[in-house]
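Descriptive analysis of the structure
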Amino acid sequence: MTYHTNPFRLLTNPKETLFKLREAEQLRGHWLWTVLILLAFCLVYAALGWVGAGTETLNQLNAVYIGSDYEYAKFSFIIGRLVWGLGLGLLVIFVVSLVFYLFYEIPYQKLVVIQLSVGVVFLLEALSWLLLLLAAGLEWDRSPFSLGVIADLFTDRPWVISLFGAVSLFQLFILYFQARCLLVLFPAKRWHVSAVVGMIYLCYILLLTLLGGIGNKIVAFIFA
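Residues numbered from 1 in each chain as written. Predicted model: local features only at pLDDT ≥ 70, side-chain atom pairs only at ≥ 80, totals over all residues. Heavy atoms only, no water.

With respect to the overall build of the chain
A tally of regular secondary structure across the chain gives 10 helices and two strands. The N-to-C order of helical and strand elements in the chain reads β-α-α-β-α-α-α-α-α-α-α-α. Within the chain, counting contacts between residues at least 6 apart in sequence, those at least 24 apart form 69% of the total. Accessible surface computed for the chain: about 12100 Å², of which carbon and sulfur atoms make up 70%. (Helix = DSSP H or I, 4+ residues; strand = E, 2+ residues; numbered from the N terminus. Contact = heavy atoms within 4.5 Å. Areas by Shrake-Rupley, 256 points an atom, 1.4 Å probe, with all protein chains shown as cover.)

A word on helix α6 (residues 108–136)
An α-helix turns once every 3.6 residues. As a result, residues three or four positions apart point the same way. For α6, built from 29 residues, the straight-helix expectation of 42 Å at 1.5 Å per residue is met to within 8% by its first-to-last C-alpha distance of 41 Å. Counted residue by residue, α6 has 21 buried out of 29 residues, so it is predominantly covered. Two residues or fewer past α6, Gly-137 is found with a positive phi of approximately 70°. (Expected span 1.5 Å × (residues − 1). Buried < 20%, exposed > 50% of the residue type's maximum accessible area, 1.4 Å probe, protein only.)

Some points on the packing of aromatic side chains
In the structure shown here, the tally under the stated rule is 11 aromatic pairs. Consider the rings of Phe-41 and Tyr-45, whose centres lie 6.2 Å apart with planes at 10°: the pair is stacked. With Phe-41 and Tyr-45 both in helix α3 (residues 30–51) and four residues apart, this pair spans about one turn of that helix. Judged by its relative accessible area of 2%, Tyr-45 falls in the buried class. Taking the centre distance of 5.7 Å and the plane angle of 80° together, the rings of Phe-145 and Phe-170 count as edge-to-face. With Phe-145 in the loop between α6 and α7 (148–154) and Phe-170 in helix α9 (residues 169–185), this pair connects stretches of sequence that are 25 residues apart. Following the ring pairs from residue to residue traces out a cluster consisting of Phe-103, Tyr-104 and Phe-186. (Phe/Tyr/Trp six-rings, centres within 6.5 Å; stacked < 30°, edge-to-face > 60°.)

Points about the confidence of the model for the chain
Of all residues in the chain, 85% attain a pLDDT of 70 or more, and the chain-wide mean is 85. Averaged over each element, pLDDT in the chain is lowest for helix α4 (residues 56–60) (55) and highest for helix α1 (residues 7–12) (96). The model gives residues 217–224 a pLDDT under 50, and that stretch makes 12 contacts with residues more than four places away or in other chains. (pLDDT = per-residue confidence, 0-100.)

Let's talk about the environment of Phe-122
The topology assignment puts Phe-122 in helix α6. Phe-122 gets classed as buried once you look at its relative accessible area, which sits at 7%. Placed 81 residues apart in sequence, Phe-122 and Phe-41 show a C-alpha to C-alpha distance of 8.7 Å. Not counting residues within four places of it along the chain, the set of residues in contact with Phe-122 comprises Phe-41, Leu-88, Val-92, Gln-171, Ile-174 and Tyr-204.

In structure tokens:
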């Protein structure tokens, strides 16, 4: 059986699509979708940099860097966002697939197909950040779809808000989706799959929180 990759179909009709993926002997279209989704990661995160997402430090330096100097600094930040988007896309699609491959006897390419759908959800979340920033000036860690908006009511520590901000409805759906796909493709114990998926998610939110804090310090160091 040949499986024709469509990340959206896997999200909207997982029961039938997962059965076809499990029984498939040959996969088609997954590398084209990989390229398209990685390009989308680059474009969306570059757009976030262009509208000012995460540029608090640069905005504080606006009084020092004016005119072309400030525009150059902001352009450099946009390029950095683009590279971050590409890195995140590679991490989501290939690295997480590799981790699952080490734990479960599932063909690596089938895991990549699952993670392509996960990448689509990541992109939808990033687009929600973009819209919220344009409409209400809200940064990603204060999205109404995450716990960051609640943490903001009780503390002003950026790392705490970022930590809770990484826990969102989108990410909870990803946890459920990944666990469901793995259980269909491999007869593992539910608690074991939940533990592996949860471990990966914990690493993700810790990495996001750490990089969020380091990023501002790097920007301040370079342009101060």
